[in-house]
Amino acid sequence: MKKTGWTGVIGPGLVFAATVALQAPAHAAGQPVIAPLAHVDMGESPQARAAAQGLEATLTAMPSHQCGVAMAFQPADEHAPASCSVVRLAIRDPARPQAAPQTFLIAPHGPDSGYERMEMALYRLDATSTLPQVIVSAYTGGAHCCEVSSLFGQMPDGTWKETDLGQSDGDGTPTIVDAAHDGRAEIQEVDPAFLYTFASYAGSYPPLILKRYHAGQMETVTRDPAFRPYLARQLAGAQKEWLADDRPEPNGFLAYYVATKAELGEFGQGWQYMLKHAEYRTDDMFGISACDMKPAGTEQCTPEERKSVPFPQALAYFLQKNGYITPEQASAAPMTPSADGAQDSVAGSGYRPDFSCDPPPDHNGVAVMLCHDSEAARHELLFDQVYYALRQQVGRDGWKALRQEVIADENAADQGCGLPVPGAADQDVPDGAAACYAAAMDRLTERYRQRLGGTALEEARRPLDTHIALQRRLVELGYLPAGTVADGVYGEATREAIATWQRTTHRPETDGFVSDADAQVLLPPAVMASAGPAGDTQPASAAPAPVATTPATTAPAHRADLRLFGFGIGVILVMAVFGTCLYFLPFGIACLRDSTGKGSVFAVNFFFGWTLLGWVAALVMALSFETRDDYELRRQAMIKIVAGGSAPDSHA
């Protein structure tokens, strides 16, 4: 929407550095870290106890003869010593003093056990559980590794279950945050695959991974839209620090940057930024070689294939392999910077508001801010997309009321950020107002998105770059006029273009919303992946007839593929039948001749027919054995002979 007034409440500014996150995770000022309800460190003591909210947990080191059994931190070990010291966890509910405590063996204990600094923390991670959960961690030693952790929680049936949290590069129990500021807890981890891949340990920036715990199960929720503001703030903080340090080991940071942008649904924008700042000189110490990218083992690689490939090519492969981007995105990603004149900053990647900035509206400081701050414009466009989806959903009768509601909400948000009122004498934008505005727009976006349903909600959840690519596609196909600026906002003209395309191509729905199924048909995955930043509207090509992408035109290709597939299957079946008949030909001949040795022929044919000698032997047998008719004639003749020879004796 055009800015008529004000916007948001500032979110906490977060500064994130990969090395800090690894070595002292999430203790920087301003991060929404959730403190434990209780925390203890065993140290040199044989016992440590923590209690909170009706739960008491105790770690105890004790002598044991069960050194080789499976424990929380180690698998069964048949070579373990006969006696040792182990740490046992006992969980007791003080409200049920008569009930036996739940116990778990954690790990061997002592100087030579391999586990140091045993810690325990109590958290409320599962809102549906009546009791808190227990996290136990231990350090295994090493330069950067490792902290092992397990989570113990009560199940709905009252039993307790261990959930393995795996290993992490860090020190202490896992970091627990409220990333969405919604009162729910997330376990924050980092992706260790990024360490040492494109830079040294200190120069590597591993992306964040957010998980939620419920009833013994862990769910990765990093890509939930509710966490996008948090990830974006972490990214901005990391970038600020990287730039302040004069951009050391750029590829280590840029790998994290592009991965996080992909999690935010902005892969195209992140990729273009990477191309402009990457170090293209290959490094045999860090990077990925052509050999690493081959499915076969490294023993089949030539010396040339063992050399590192250029960073963009390696990064595309790496991000696809680790699930950050799709194969289509990886294959469509350009390997050299675009020559579109974009500024050398994230803000210069090209997002512009949905009104003309040439020139910006008079006496409107908010509009000027949006024209000069790409990131603020992006958040405005994300809200506008949801607003126009809701506008389409309520219909013309609800437009006026909805517009009044949105204007009131935006004015309140602008006022909360100290932004100037349009038309006032002073149109200066205070420091930090752009970040405040972006956070406020994100909150409004989520609030209005909750009112959407069906195909409207499918559309509103789509990344902004994909919306822009879809609009460009409608321009290319002639459903929108050539020269239309693709900003990702679906106003009346775009809605009419969508509905026309739906009717022309006989889509199941003609409601003017681009459903997920519509997006897949309208925009092939490779085109979607290559959608770049919004700043450079691609020139529209000569528009082909709208029928060019209809199912009617693509269906014959699909049917041809099906016919080819069916023909291939038919050939295979015919060959299989022919081969079977040929294999059992000796037995078939024996059956046709009604041979008396059919059983013997079948046995030789079945067990030895796969060899030429066996097959020929079965065929000779099939032709050599007498037929049942010949056998019967011979038998009758023998009977007559015998009968004729014995008659005189019978009359004697």
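Residues numbered from 1 in each chain as written. Predicted model: local features only at pLDDT ≥ 70, side-chain atom pairs only at ≥ 80, totals over all residues. Heavy atoms only, no water.

## Some points on the overall build of the protein
At step 1: What the protein contains, in helices and strands, is 20 helices and 13 strands.
At step 2: Taking contacts inside the protein between residues at least 6 apart in sequence as the whole, the part at least 24 apart equals 62%.
At step 3: Counting only carbon and sulfur atoms, one obtains 58% of the accessible surface of the protein, whose full area is about 31900 Å². (Helix = DSSP H or I, 4+ residues; strand = E, 2+ residues; numbered from the N terminus. Contact = heavy atoms within 4.5 Å. Areas by Shrake-Rupley, 256 points an atom, 1.4 Å probe, with all protein chains shown as cover.)

## Considerations on the sheet that holds strand β9 (residues 160-168)
At step 1: The strand order across the open sheet built from five strands is β1-β6-β7-β8-β9, with neighbouring strands paired in antiparallel fashion. For this open sheet the edge positions go to β1 (38-41) and β9, each flanked by a neighbour on one side alone. Put simply, the sheet's adjacent strands are angled 15 degrees from each other on average, direction ignored.
At step 2: Across six bridges, the pairing between strand β7 (residues 133-139) and strand β8 (residues 147-154) is antiparallel. Directly across from Ile135, in β8, lies its bridge partner Leu151. (Pairing = 2+ DSSP bridges. Axes fitted to C-alpha atoms, helices over the stretch in contact; angles between N-to-C directions.)

## Remarks on the pairing of β9
At step 1: Bridging between β8 and β9 involves eight bridges; their strand directions are antiparallel. Its bridge partner lying in β9, Glu147 is registered against Ser168.
At step 2: Hairpin connection between β8 and β9: a loop of five residues separates the two successive antiparallel strands, and Gly158 in this loop has a positive phi of roughly 95 degrees.

## Quick look at unusual backbone geometry
At step 1: If you check the backbone angles, Arg247 has positive phi at about 55 degrees while not being a glycine.
At step 2: With respect to the element layout, Arg247 can be found in the loop between α2 (228-244) and α3 (250-263).
At step 3: Positive phi values are uncommon outside glycine, yet Glu249 reaches one of about 40 degrees.
At step 4: One can find Glu249 in the loop between α2 and α3.

## Quick notes on the sheet that holds strand β2 (residues 47-52)
Sheet strands pair by backbone hydrogen bonding; their relative direction is either parallel or antiparallel.
At step 1: The four strands lie next to each other as β2-β3-β4-β5, forming an open sheet whose pairing is antiparallel. Two strands close off the open sheet at either side, each with one partner strand: β2 and β5 (102-108). On average, each strand axis in the sheet is tilted by 20 degrees relative to the strand beside it, whichever way the strands run.
At step 2: Summarising the sheet, β2 and strand β3 (residues 55-64) pair through six bridges and their orientation is antiparallel. Its bridge partner being in β3, Arg49 is matched across the sheet by Thr58.

## Describing helix α10 (residues 433-449)
At step 1: Over its 17 residues, α10 extends 24 Å from the first C-alpha to the last, a length consistent with the 24 Å expected when each residue adds 1.5 Å.
At step 2: Across the 17 residues of α10, 12 count as buried, placing the element largely inside the fold.
At step 3: Those residues of α10 that sit buried are Ala433, Cys436, Tyr437, Ala438, Ala439, Ala440, Met441, Asp442, Leu444, Thr445, Tyr448 and Arg449. (Expected span 1.5 Å × (residues − 1). Buried < 20%, exposed > 50% of the residue type's maximum accessible area, 1.4 Å probe, protein only.)

## Brief notes about a nonpolar patch on the surface
At step 1: A contiguous nonpolar patch, built from Phe602, Phe606, Phe607 and Phe608 and spanning about 430 Å² of accessible area, is present on the exposed surface.
At step 2: Mapping Phe607 onto the fold places it in helix α18 (residues 598-608).
At step 3: Judged by relative accessible area, Phe607 falls into the exposed class, the value being 53%. (Patch = residues over 30% accessible without salt bridge, like charges linked within 9 Å, V, L, I, M, F, W, Y side chains within 5 Å. Salt bridge = Lys/Arg side-chain N within 4 Å of Asp/Glu carboxyl O.)

## Section: the state of the cysteines
At step 1: Counted by the stated rule, this structure contains three disulfides.
At step 2: In this model, Cys67 is linked to Cys84 through a disulfide, with the two sulfur atoms separated by 2.1 Å. Disulfide Cys67 to Cys84: torsion about the S-S bond roughly -115 degrees, handedness left-handed. Linking Cys67 in the loop between β3 and β4 (84-92) with Cys84 in strand β4, this pair joins segments that are 17 residues apart in sequence.
At step 3: Taking relative accessible area as the criterion, Cys67 reaches 4% and is therefore assigned buried. (Disulfide = S-S within 2.5 Å.)

## Side note on the packing of aromatic side chains
At step 1: All chains considered together, the criterion is met by 20 aromatic pairs.
At step 2: With centroids separated by 5.5 Å and ring planes inclined at 85 degrees, the aromatic side chains of Phe383 and Tyr448 adopt a geometry described as edge-to-face. A residue pair is termed long-range when its members are at least 10 positions apart, and Phe383 in helix α8 (residues 374-394) and Tyr448 in helix α10 qualify at 65 residues. We note that Phe383, like Tyr448, is buried. (Phe/Tyr/Trp six-rings, centres within 6.5 Å; stacked < 30°, edge-to-face > 60°.)

## Some points on the side chain of Ser150
At step 1: Turning to its location among the elements, Ser150 is positioned in strand β8.
At step 2: A relative accessible area of 0% places Ser150 in the buried class.
At step 3: Within the structure, Ser150 has its side chain in polar contact with the side chain of Glu162 (distance 2.8 Å).
At step 4: Every residue in contact with Ser150, bar those within four places of it in the chain, is listed here: Ala72, Phe73, Val134, Ile135, Val136, Glu162, Thr163, Asp164 and Leu165. (Polar contact = N/O pair within 3.5 Å; in protein donor to acceptor, adjacent residues only side chain to side chain.)

## Overview of the nonpolar core
Nonpolar side chains in soluble globular proteins generally cluster together in the buried interior.
At step 1: In terms of nonpolar packing, the biggest core is built from 38 residues, with Leu370, Phe383, Leu419, Tyr437, Tyr448 and Leu452 touching the most fellow members.
At step 2: Where this core is concerned, the elements lending two or more residues are α7 (365-372), α8, α9 (399-416), α10, α11 (454-460) and α12 (464-476).
At step 3: Ranked by size, the runner-up nonpolar core spans 32 residues in total, among them Phe194, Trp242, Tyr324 and Ala333. (Core = buried A, V, L, I, M, F, W, Y, C linked by side-chain atoms within 4.5 Å.)

## A look at the pattern of salt bridges
At step 1: Inspection of every chain in the model, using the stated rule, returns 20 salt bridges.
At step 2: The closest approach of N and O atoms between Glu56 and Arg49, which form a salt bridge, is 3.6 Å.
At step 3: A salt bridge links Asp518 to Arg507; its shortest N-O distance comes to 2.7 Å. Taken together, the residues span a long stretch of sequence, with Asp518 in helix α14 (residues 516-522) and Arg507 in the loop between α13 (492-504) and α14 at a distance of 11 residues.
At step 4: Salt bridges sharing common partners tie together Lys261, Glu266, Glu375 and Arg378.

## Description of the confidence of the model for the protein
At step 1: Of all residues in the protein, 82% attain a pLDDT of 70 or more, and the chain-wide mean is 80.
At step 2: Averaged pLDDT values for the elements of the protein fall to 32 in helix α1 (residues 18-23) and rise to 95 in strand β12 (residues 208-214).
At step 3: Every residue in residues 340-349 scores below 50 in pLDDT, and together they form 21 contacts with partners more than four places removed in sequence or on other chains.
At step 4: Per-residue pLDDT stays below 50 along residues 528-564; that stretch engages in 60 contacts with residues further than four places along the chain or on separate chains. (pLDDT = per-residue confidence, 0-100.)

## Section: the environment of Ala425
At step 1: Within the element layout of this structure, Ala425 appears in the loop between α9 and α10.
At step 2: For Ala425, a relative accessible area of 88% corresponds to the exposed category.
At step 3: The spacing of Ala425 and His363 is 62 residues in sequence and 7.7 Å in space, taken between C-alpha atoms.

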